[in-house]
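As a plain string of letters, each chain reads:
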Amino acid sequence: MSCDDAHMLLDAYVDGELDLLRGVEIEKHMKGCQACAGAVENLRALGTAMRNGGLYYPTPASLGPRLEKVLQRAGRSEAPPPRRFGWQLIAVAASLLLAVYFVARMIPGIPHDASNNLVAQETLDSHLRSLMPGHLTDVQSTDQHTVKPWFNGKLDYSPPVTDFASQGFPLTGGRLDSLSGRAVAVLVYQRRQHLINVYVWPAPGSADASVGESARQGYNMIHWTRGGMNWWIVSDVNSGELNSFANLLRAAPASVPPAP
Amino acid sequence: MLGLVEQERDPVQLQSKLARFELSVVPHMGAAYNLARWLTRNEHDAEDVVQEAYLRAYRFFEGFHGSDGRTWLLAIVRNTCYTWLQQNRKPTLELEEDIPELDSERSNPEALLLRSVDSEMLRQALDDLPVEFREAIVLRELEGLSYKEIGEVAGVPLGTVMSRLARARSRLQKTLKGRARQGGAA
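Being a predicted model, the structure only gives us computed values, none of them experimental.

Asker: Whenever I open this one, the overall build of chain A confuses me. Can you help?
Answerer: What chain A contains, in helices and strands, is 8 helices and 7 strands. Relative to its full complement of 260 residues, chain A shows a buried share of 27%. Restricting the contact set of chain A to residue pairs at least 6 apart, pairs at least 24 apart contribute 55%.

What follows is the structure, encoded as structure tokens:
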């Protein structure tokens, strides 16, 4: 390595940003080159001086509370009309909300939007995570008789698994994921180049709920509750195709009931 | 009844947004302030810039799906600083692309001299750097960011990060050596 070449790389060398091979070359070069060895020593001294020089500005104590106030205001302005309750009013509102929540849960057909929204966001986050390399499937198989038993012992229920290859939605595998702090079975299907994640988990005591459909950040989501199971499916396939896939899932034999 | 359910939906969603925001972005307030303080070179402006950056970050938080809240936030702080610099001062963007490489300065074995500079001298020398150089040095030496992360924050490719750091250090060394000699002579 020539001195000019080495010179360009000295900073990266000192910063530990060179690959091993080039690092070794630099070291070899420095053995015979006083100038470069001296330059590296200077860079190191400068770095040490800067890191130990008390140059990091401490955050003023007032900044945290100030940001908190501003963020809360920002949060409120996004919310429906800002309301300021006394504590009593808040208590009344909370119990009212609780009552509404339970009534809403008892009436089939009224989706409990508040919790659904949380689930929707969590499901979407999980879907996006799964698209990162190596995160999609724990068990890779197109065979429902391989995928289904794989969940044995990993969950306290057995998710219904059906392959829809002949209808154009082949099963490609499954994995364990967690939503709202519980382990959940995820079945992965494919539609041409698109992936569909299907989340299934038990909904003990919940009445069947009709299909809810939504779109978030460019992804389509469909969910329903049936036979004591919650179903959420997420994908970037168009909503028409995702709907026909949802229909297939719902028409499939509701195989094994959840374990008690 | 349905109306009530509808009305109460948003606060729940917001609560979770604020909670997620507090988890992944708020812990990096120290880094945000330090960067803003170095780029604006003024404590009051730094606080204003951080506040503005946090508001922007909160507004755009739905678009954040990465795992590194620090880099994401620092990029917003950096951009907010630049907007602020443009509006409030003549930008000090004196980025001459071919400053002569100070080879002799770089390689003089004066590490001992560099070790003896006091922090006030360092602070001054850093403050005198063009803002792009200053940000690269601050992110690298004080924040410990990798070249890749610096590139993400500053929105420039790796090669640019590398050359900015090299130029910044070569300038710093020149200034410091000059001042140290002056100090020694006085």
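Next comes the rest of the write-up.
Asker: Looking at this structure, I do not really get the sheet that holds strand 2 (residues 171–179) of chain A. What am I missing?
Answerer: Residue and element names in this part refer to chain A. Taking strand neighbours across the sheet as the criterion, the 7 strands line up as 1-2-3-4-7-6-5 in an open arrangement whose pairing is antiparallel. Across the chains shown, the open sheet's two edge strands, defined by having one partner strand only, are strand 1 (139–140) and strand 5 (209–216). Looking at chain direction, strand 6 (residues 219–226) and strand 7 (residues 229–235) are connected through 7 bridges and run antiparallel. Each residue of the ladder has a partner; that of I222, found in strand 7, is I233.

Asker: How should the nonpolar core be read in this particular structure?
Answerer: Across soluble globular proteins, nonpolar side chains show a tendency to be buried alongside one another. By size, the foremost hydrophobic cluster in this structure holds 62 residues, and its most contacted members are L10 of chain A together with A32, L35, A36, V50, V77 and A136 of chain B. The leading source of residues in this core is helix 3 (residues 34–51) of chain A, at 8 residues. Beyond its immediate stretch of four places on either side in the chain, A32 of chain B contacts V50, A53, L73, L74 and V77 of chain B. Listed in part, the 29 residues of the second largest apolar core include L171, L187, W201 and M229 of chain A.

Asker: Sorry if this is basic, but what is going on with the packing of helix 8 (residues 131–142) of chain B against helix 9 (residues 147–154) of chain B here?
Answerer: Helix-helix packing is characterised by the crossing angle of the two axes and by the distance between the axes. Residue and element names in this part refer to chain B. Running from N to C, helix 8 and helix 9 cross one another at 135 degrees; their axes reach a closest spacing of 10 Å. On the basis of the axis angle, helix 8 is oblique to helix 9. Note that helix 8 runs across helix 9; the crossing there is right-handed. Between helix 8 and helix 9, the residues in contact are E135, A136, L139 and R140 and I150, V153 and A154, respectively. Counted by class, the contact of helix 8 with helix 9 contains 5 nonpolar, no polar and 2 charged residues.

Asker: Is there a simple way to explain the pairing of strand 7 of chain A in this structure?
Answerer: A regular strand places its side chains so that they alternate between the two faces of the sheet. With 6 of 7 residues buried, strand 7 of chain A lies mostly within the body of the structure. Turn length for the strand 6 of chain A-strand 7 of chain A hairpin, with the two strands adjacent in sequence and antiparallel, is 2 residues, and the turn residue G227 of chain A shows positive phi of about 55 degrees.

Asker: How should the environment of G47 of chain A be read in this particular structure?
Answerer: Inspection of the secondary structure assignment puts G47 of chain A in helix 3. Here G47 of chain A falls in the partly exposed class, since 18 other C-beta atoms lie within 10 Å of it. Taking the C-alpha atoms as reference, G47 of chain A lies 9.2 Å from D15 of chain A; in sequence the two are 32 residues apart. Other than its neighbours up to four places away in sequence, G47 of chain A contacts V14 of chain A together with E141 of chain B.

Asker: Looking at this structure, I do not really get helix 4 (residues 69–88) of chain B. What am I missing?
Answerer: Helical periodicity: at 3.6 residues per turn, an α-helix aligns residues three or four positions apart in one direction. Residues and elements named next belong to chain B. Taking 1.5 Å per residue as the helical rise, helix 4 with its 20 residues ought to reach 28 Å, and the 28 Å between its terminal C-alpha atoms agrees with that figure. Listing the buried residues of helix 4 in full gives T71, W72, L73, L74, I76, V77, R78, T80 and C81. Taken together, the buried residues of helix 4 touch helix 2 (29–40), helix 3 (43–59), helix 8 and helix 9.

Asker: Please explain the pairing of strand 5 of chain A as it appears in this structure.
Answerer: Residues and elements named next belong to chain A. Here strand 5 runs beside strand 6; their pairing, made up of 6 bridges, is antiparallel. Bridge pairing in strand 6 places G212 opposite H223. In textbook terms, the turn of a hairpin is the stretch between consecutive antiparallel strands, and for strand 5 and strand 6 this stretch comprises 2 residues, one of which, Q217, has a positive phi near 50 degrees.

Asker: Got a minute to help me understand the environment of Q140 of chain A in this structure?
Answerer: All names here are of chain A. Note that Q140 resides in strand 1. Through-space distance from the C-alpha of Q140 to that of G173 is 4.3 Å; in sequence the pair is 33 residues apart. When near neighbours in sequence (up to four residues on either side) are disregarded, Q140 contacts T172 and G173.

Asker: Please clarify how the confidence of the model for chain B should be interpreted in this entry.
Answerer: Low-pLDDT stretches of the model should not have their predicted coordinates read in fine detail. Residue and element names in this part refer to chain B. Looking at chain B, pLDDT values average 80 and 76% of them are 70 or higher. Note on residues 1–9: pLDDT under 50 across the span, and 14 contacts to partners over four residues away in sequence or across chains. For the stretch residues 95–102, pLDDT sits under 50, and the model shows 6 contacts to residues farther than four places along the chain or on other chains. Among the scores for the predicted complex, ipTM is 0.82 and pTM is 0.55.

Asker: What is the right way to look at the confidence of the model for chain A in this model?
Answerer: All names here are of chain A. In the predicted model, chain A carries a mean pLDDT of 82, and 85% of its residues have values of at least 70. Within chain A, the lowest mean pLDDT, 67, falls on helix 5 (residues 87–106), and the highest, 92, falls on helix 2 (residues 20–32). The low-confidence segment residues 256–260, where pLDDT is below 50, has 10 contacts with residues more than four positions distant or belonging to other chains.

Asker: What exactly am I supposed to notice about unusual backbone geometry here?
Answerer: For residues other than glycine, phi is negative in most cases, and the peptide bonds are mostly trans. Residue and element names in this part refer to chain A. One non-glycine residue, R192, adopts positive backbone phi at about 50 degrees. Tracing the backbone shows R192 in the loop between strand 3 (182–191) and strand 4 (194–202). The phi angle at Q217 is positive, at roughly 50 degrees, despite the residue not being glycine. You can see Q217 is positioned in the loop between strand 5 and strand 6.

Asker: How should I be thinking about the packing of helix 3 of chain B against helix 4 of chain B in this particular structure?
Answerer: All names here are of chain B. Direction vectors running N to C along helix 3 and helix 4 enclose 125 degrees, while the axes themselves pass 9 Å from each other. Put simply, helix 3 runs oblique to helix 4. Where helix 3 crosses over helix 4, the handedness of that crossing is right-handed. Together, D45, V49, V50, E52, A53, R56 and A57 of helix 3 and L73, I76, V77, T80, C81 and W84 of helix 4 make up the contact between the two elements. Grouping the constituent residues of the contact of helix 3 with helix 4 by class yields 9 nonpolar, 1 polar and 3 charged.

Rules used in this analysis
- Per chain, residues are indexed from 1 in the order of the written sequence.
- Chains carry letters and ligands carry numbers; both start at the beginning, A for chains and 1 for ligands, and go up in the order they are written.
- The model is predicted, so local features are restricted to residues of pLDDT at least 70 and side-chain atom pairs to those at 80 or more, both for listing and for counting; the totals for chains, interfaces and linings are taken over all residues.
- Runs of E in the DSSP output that reach at least two residues are strands. Runs of H or I that reach at least four are helices, and both are numbered from the N terminus.
- Labels follow a simple rule on C-beta atoms placed from the backbone: if 20 or more others lie within 10 Å of a residue's own, it is buried; if 12 or fewer, it is exposed; otherwise it is partly exposed.
- By definition, residue pairs are in contact when their C-beta atoms, positioned from the backbone, come within 7 Å.
- Any two strands between which DSSP finds at least two bridges are classified as paired.
- The nonpolar core criterion groups buried Ala, Val, Leu, Ile, Met, Phe, Trp, Tyr and Cys residues into a set whenever they are joined through C-beta atoms within 7 Å.
- Axis lines are fitted through C-alpha atoms, for helices just across the contact stretch, and the angle between N-to-C directions can take any value from 0 to 180 degrees.
- The scheme is simple: roughly parallel for angles under 35 degrees, roughly antiparallel for over 145, roughly perpendicular for 65 to 115, oblique for anything else.
- In this scheme, a crossing is called left-handed if the near helix is turned counterclockwise away from the far one by less than a right angle; it is called right-handed if the turn is clockwise.
- Residue type decides the class: Asp, Glu, Lys and Arg count as charged, Ala, Val, Leu, Ile, Met, Phe, Trp, Tyr, Cys and Pro as nonpolar, and the leftover types, Gly among them, as polar.
- Helix span is expected to be 1.5 Å times the residue number reduced by one.
- Note: pLDDT gives the predictor's confidence per residue, expressed from 0 to 100.

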